[in-house]
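# Architecture at a glance
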Amino acid sequence: MSKTVLVIGASRGIGKELVHQFAAKDLETFGFARNLQNGSDNKVHSIHLDLLSPTIKSDFEKAISEIDQIDYLIHNAGFIAVKPFLELTREDIHNCYQVNVLSVMEITQICIPKMKSGSHIVMISSIGGFQGSSKFPGLAAYSTSKAALVSLTELLAEEFKNSGISINCLCLGAVQTEMMEEAFPGYKAPHQPAEIAEFIVDFTMNNGKYFHGKIIPVSVSNP
Ligand SMILES: NC(=O)c1ccc[n+]([C@@H]2O[C@H](COP(=O)([O-])OP(=O)(O)OC[C@H]3O[C@@H](n4cnc5c(N)ncnc54)[C@H](OP(=O)(O)O)[C@@H]3O)[C@@H](O)[C@H]2O)c1
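Below, the structure is looked at part by part. (Residues numbered from 1 in each chain as written. Predicted model: local features only at pLDDT ≥ 70, side-chain atom pairs only at ≥ 80, totals over all residues. Heavy atoms only, no water.)

### Regarding the sheet that holds strand β2 (residues 28-33)
Pairing is parallel across the open sheet formed by 7 strands, whose spatial order is β3-β2-β1-β4-β5-β6-β7. If you trace the sheet from one side to the other, it starts and ends with β3 (44-48) and β7 (215-218), each paired once. Put simply, the sheet's adjacent strands are angled 20° from each other on average, direction ignored. Examined bridge by bridge, strand β6 (residues 166-172) and β7 share 4 bridges and lie parallel to one another. Residue pairing in the sheet places Cys169 in a bridge with Ile215 of β7. Those strands touched by helix α6 (residues 193-206) are β4 (72-75), β5 (120-126), β6 and β7, and its axis lies near 165° from that of β6. (Pairing = 2+ DSSP bridges. Helix = DSSP H or I, 4+ residues; strand = E, 2+ residues; numbered from the N terminus. Axes fitted to C-alpha atoms, helices over the stretch in contact; angles between N-to-C directions. Contact = heavy atoms within 4.5 Å.)

What follows is the structure, encoded as structure tokens:
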């Protein structure tokens, strides 16, 4: 039986490549986002989901009610606000935390009961949320939310250490996506989405047995 993977945040950038590459490996692939183009990859099940919805937990529960077993869960969705700290609005801060942390917690609560020993949860954080990395002005809401994802990984790894489910976090450096272009216009990142997706797919499928509760910087630079 083919394995099942859920990619949260699958409409563009790294997530779009992830669903494409997982499906090419014959995994039963489900991609979630707001702006999915149906038919762009017939092997991917595209499911509309808004992580900012106040009913996100029940929306997601309904969306995956027919899925009995989840082998891989990739928390790839991200929201960024780039503004001087004193100008950040409550909405900017809320949206960063809702998409990057709170929805991750609620979605994971729904998924874990459907995951068996040998499955793997991968959090996609940022090098900006990695302790001791260079920090940049304007990213207080985004990078603190990504740091929370790092901490969440360590806490879940401890809580589920006897389940056989591996839980790890990849802190990505710069990748040339729409998000990167919005955050740092004109910056040329060292990696394309397809390259980094290839690494994430391999890490997810082949490395769960070697890593658990690990926070891994995947970066050759710091934007
Ligand atoms: N690119 C980089 O240099 C870089 C560096 C470090 C970390 N990362 C992390 O890597 C991940 C992917 O980044 P990316 O550059 O590929 O970003 P991106 O191009 O902006 O894509 C973000 C994805 O998240 C989804 N998303 C955002 N808000 C959502 C919402 N409310 N509901 C549902 N889905 C939502 C988007 O879908 P819709 O808008 O269609 O809903 C999209 O599919 C993110 O977690 C990001 O923080 C990226």
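Next comes the rest of the description.
### What to know about the side chain of Ser133
Along the chain, Ser133 falls in the loop between β5 and α4 (140-159). With a relative accessible area of 13%, Ser133 lands in the buried category. Of the polar contacts made by the side chain of Ser133, one reaches the backbone oxygen of Phe130; its length is 3.0 Å. (Buried < 20%, exposed > 50% of the residue type's maximum accessible area, 1.4 Å probe, protein only. Polar contact = N/O pair within 3.5 Å; in protein donor to acceptor, adjacent residues only side chain to side chain.)

### Remarks on the pattern of salt bridges
Following the criterion strictly, the structure yields 4 salt bridges and no others. With its nearest N and O atoms 3.5 Å apart, the salt bridge here joins Arg12 to Glu182. Of this pair, Arg12 sits in the loop between β1 (4-8) and α1 (13-24) while Glu182 sits in helix α5 (residues 178-183), placing them 170 residues apart in sequence. Of the residues examined, Arg12 reaches a relative accessible area of 38% and is grouped as partly exposed. For the salt bridge of Lys83 with Asp92, the shortest nitrogen-to-oxygen distance reads 2.7 Å. Looking at Asp92, the relative accessible area reads 12%, which means it is buried. (Salt bridge = Lys/Arg side-chain N within 4 Å of Asp/Glu carboxyl O.)

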